[in-house]
Amino acid sequence: TSQACAACKFQRRKCPVDCPLAPYFPAEANQRFLSCKRLFGVSNMLRFLRDADPADKEETMKSLIYEAEVRDKDPVHGCYGIISQLTERVRGLQRELELTRS
């Protein structure tokens, strides 16, 4: 009699004991699920999980969740925006280090 996960709740169905999305989208993580569903779709999330090595499933879903949450915050650039900012920061620090060494 446990509560349905966010994925099953969204699909208005009973959450099976072996639901593959339940560990990543508990009932209280509705917004997290909606972000991932909007960006990837349920069938793609299930495919990613199915195709991932068992040892990598946790990291696969963390990556999908992170990317979806970042895309919600920055719909235009998403993860690319963060990567670009960090790359530019590294370049600036490298220039500063070169100046300090010379």
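Going by the structure above, here's the rest.
Position numbers for residues count from 1 along each chain, tracking the sequence in the order it is written. With the structure being a predicted model, the display of local features is reserved for residues of pLDDT at least 70 and the display and counting of side-chain atom pairs for 80 or more, all residues being used for whole-chain, interface and lining totals. Values reported for side chains reflect all heavy atoms of the structure, with hydrogen atoms and water molecules removed beforehand.

(A) Just the overall build of the protein chain, in detail. A count of helices and strands for the protein chain gives 5 helices and 0 strands. Secondary structure elements are defined from DSSP: runs of H or I of at least 4 residues count as helices, runs of E of at least 2 residues count as strands, and each element is numbered from the N terminus. Ordered by position in the sequence, the α and β elements of the protein chain form the string α-α-α-α-α. For this measure, only C-alpha atoms enter the radius of gyration; the expected value for a globule follows 2.2 Å times N^0.38, where N is the number of residues. Relative to the compact-globule value of 13 Å for 102 residues, the protein chain shows a C-alpha radius of gyration of 19 Å, a clear excess of over 25%. Dimensions of the protein chain along its principal axes, counting C-alpha atoms only, are 70 × 30 × 20 Å. For the protein chain, with 102 residues in total, the buried portion stands at 27%. Accessible surface, the protein chain: about 7,600 Å² in total, of which carbon and sulfur atoms supply 53%. Neither His nor the chain ends is counted toward charge; the positive residues are Lys and Arg and the negative residues Asp and Glu. A charged residue contributes its charge at one atom only: NZ of Lys, CZ of Arg, CG of Asp or CD of Glu. Between the centroid of the 17 positive side chains of the protein chain and the centroid of its 14 negative side chains there is a distance of 6 Å. Using a 1.4 Å probe on the protein chains alone, a residue whose accessible area is under 20% of its type maximum counts as buried, one over 50% counts as exposed, and one in between counts as partly exposed. Here the accessible surface of atoms and residues is derived via Shrake-Rupley with a 1.4 Å probe, and residues count as covered only by protein chains that are part of the display.

(B) Representation of the nonpolar core within the structure. We define the nonpolar core as a collection of buried residues of types Ala, Val, Leu, Ile, Met, Phe, Trp, Tyr and Cys that are connected through side-chain atoms lying within 4.5 Å of one another. One finds L21, Y24, F25, F33, C36, M45 and M61 to be the most contacted residues of the largest nonpolar core, which totals 19 residues. Those elements that place two or more of their residues in this core are α1 (6–10), α2 (30–40), α3 (42–51) and α4 (57–73). Residue contributions to this core peak at 4 residues, all from α4. We call two residues in contact when some of their heavy atoms are within 4.5 Å. Setting aside anything within four residues of it in sequence, one finds Y24 in contact with R32, L49, K57, E58, M61 and I65.

(C) Summary view of unusual backbone geometry. Phi angles above zero are rare outside glycine, and R12 is one such case at about 55°. Look at R12 and you get exposed, because its relative accessible area is 79%.

(D) Inspection of the environment of E69 at higher detail. Note that E69 resides in helix α4. As for E69 and F33, which are separated by 36 residues in sequence, their C-alpha atoms are 9.7 Å apart.

(E) The packing of α2 against α3, seen in detail. To obtain each axis, a line is fitted to C-alpha atoms, and for helices this fit is confined to the stretch in contact; angles are then taken between N-to-C directions over 0 to 180 degrees. The contact between α2 and α3 brings their axes to 7 Å, and the two run at 95°. Relative to α3, the element α2 lies roughly perpendicular. For the pair formed by α2 and α3, the contact residues are F33, C36, K37 and F40 on the first element and V42, N44, M45 and F48 on the second. In this count, Pro and Cys sit with the nonpolar residues alongside Ala, Val, Leu, Ile, Met, Phe, Trp and Tyr, while Asp, Glu, Lys and Arg are called charged and the others, Gly among them, polar. Residues that form the contact of α2 with α3 fall into these classes: 6 nonpolar, 1 polar and 1 charged. Between 65 and 115 degrees an angle is taken as roughly perpendicular, under 35 as roughly parallel, over 145 as roughly antiparallel, and anywhere else as oblique.

(F) Representation of the pattern of salt bridges within the structure. Salt bridges are defined as contacts in which a side-chain nitrogen from Lys or Arg sits within 4 Å of a carboxyl oxygen from Asp or Glu. Applying the stated criterion to the full structure yields 5 salt bridges. Between K62 and E59 there is a salt bridge, with its nearest N and O atoms 3.6 Å apart. With K62 and E59 both in helix α4 and 3 residues apart, this pair spans about one turn of that helix. Owing to a relative accessible area of 46%, K62 belongs among the partly exposed residues under this scheme.

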